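# Observations on chain architecture
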Amino acid sequence: MYEPIRTAPSSRSVHSAMAGRNTNANTDFPHRSREEELDIQLAGHLAALLAVTDELRALSPCSAWDEAAERVAGQVARLRGGRPPARTSAAPAGADPTALHRRAHALAGRALVVAASRADTGAAILAAEQMDAHAAALEPRELASR
């Protein structure tokens, strides 16, 4: 029913056969450090947050969103070695501002987690501020009417 375990010398495992063929197995492809991987993840989350922020800016222009977008773009450029991120100047047709704020809040949360993992205080503060800003944009304006 089951195949017996092979113990003969000619039945080496696939892993040991490959290891014997290539002595430079660890140098065949580039390796990144954990910090480099976290930088890539953080830049990706912040770039996505920037795209949503740009869409919100196109829907309802506001100096606060302009400033936030510039700060996020600066962090993305820093993480990408000075290369500026791609930007958009138009919102998709029929875009829902509430859905965009929810998405931006979630993206800022992801960025905060990664920034905290890599001990990037500047990016963590920016992500937390963006979470607060998008959460405030989602709250009803009951306090303002009092």
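Preceding block: the structure.
First, a word on what this report is: a plain description of the structure on this page. (Residues numbered from 1 in each chain as written. Predicted model: local features only at pLDDT ≥ 70, side-chain atom pairs only at ≥ 80, totals over all residues. Heavy atoms only, no water.)

Of regular secondary structure, the protein possesses six helices and zero strands. When the elements of the protein are put in sequence order from the N terminus, they spell out α-α-α-α-α-α. Counting every position in the protein, which comprises 146 residues, the buried fraction comes to 27%. In the protein, the share of contacts with a sequence separation of at least 24, taken over all contacts with a separation of at least 6, comes to 74%. When the accessible surface of the protein is split by element, carbon and sulfur atoms take 54% of a total near 9,800 Å². (Helix = DSSP H or I, 4+ residues; strand = E, 2+ residues; numbered from the N terminus. Buried < 20%, exposed > 50% of the residue type's maximum accessible area, 1.4 Å probe, protein only. Contact = heavy atoms within 4.5 Å. Areas by Shrake-Rupley, 256 points an atom, 1.4 Å probe, with all protein chains shown as cover.)

On to the side chain of Thr53, then. When you line up the elements, Thr53 lands in helix H2 (residues 34-59). Using a relative accessible area of 1% as the deciding quantity, one classes Thr53 as buried. When neighbours within four sequence positions are excluded, Thr53 is seen to be in contact with Trp65, Ala69 and His134.

A few words now on the packing of H2 against helix H5 (residues 121-138). Direction vectors running N to C along H2 and H5 enclose 35 degrees, while the axes themselves pass 12 Å from each other. H2 and H5 meet at a crossing whose hand is left-handed. Between H2 and H5, the contacting residues are Leu42, Leu49, Thr53 and Leu56 on the first element and Ala123, Gln130 and His134 on the second. Its residues assigned to classes, the contact of H2 with H5 comprises four nonpolar, three polar and no charged. (Axes fitted to C-alpha atoms, helices over the stretch in contact; angles between N-to-C directions. Left-handed = near helix turned anticlockwise from the far one by under 90°. Nonpolar A, V, L, I, M, F, W, Y, C, P; charged D, E, K, R; others polar.)

Once that is clear, we can look at the nonpolar core. Counting 25 residues, the largest nonpolar core has Leu42, Leu46, Leu49, Val52 and Val72 as the members making the most contacts within it. Contributions of two or more residues to this core are made by H2, helix H3 (63-79), helix H4 (97-117) and H5. Considering each element in turn, this core owes the most residues, eight residues, to H2. Sequence-distant contacts of Leu42, defined by excluding residues within four places in its chain, comprise Leu79, Ala111, Val114, Ala115, Arg118, Asp120 and Ala123. (Core = buried A, V, L, I, M, F, W, Y, C linked by side-chain atoms within 4.5 Å.)

Where charged atoms of side chains with opposite charge meet at close range, the side chains can pair. Evaluated as defined, the whole model comprises nine salt bridges. Linking Arg57 and Asp66 is a salt bridge whose minimum nitrogen-to-oxygen distance equals 2.6 Å. With a relative accessible area of 23%, Arg57 lands in the partly exposed category. Overall, the relative accessible area of 31% leaves Asp66 in the partly exposed class. Where Arg71 meets Glu129, a salt bridge forms, and the shortest distance between an N and an O atom there is 2.7 Å. In this pair, Arg71 is assigned in helix H3 and Glu129 in helix H5, connecting sequence segments 58 residues apart. Here Arg71 falls in the partly exposed class, since its relative accessible area comes to 34%. (Salt bridge = Lys/Arg side-chain N within 4 Å of Asp/Glu carboxyl O.)

Right, let's talk about H5 for a bit. Over its 18 residues, H5 runs 26 Å from end to end, which matches the ideal 26 Å to within 8%, given 1.5 Å per residue. All of the buried residues along H5 are Ala123, Ala124, Leu126, Ala127, Gln130, Met131 and His134. Along the axis of H5, the buried residues cluster in a sector spanning 165 degrees; they form a single face. Exposed and facing more than 90 degrees away from the buried side of H5 are Thr121 and Asp132. (Expected span 1.5 Å × (residues − 1). Arc of directions from axis to C-beta.)

Looking now at the environment of Ala123. Looking at the secondary structure, you find Ala123 in helix H5. Looking at Ala123, the relative accessible area reads 1%, which means it is buried. Each C-alpha atom, one on Ala123 and one on Val72, is 8.4 Å from the other, the two residues being 51 residues apart in sequence. Here Ala123 is in contact with Leu42, Gln75, Arg78 and Ala115, once residues within four sequence places are set aside.

Taken by themselves, the reported measurements are silent on function.
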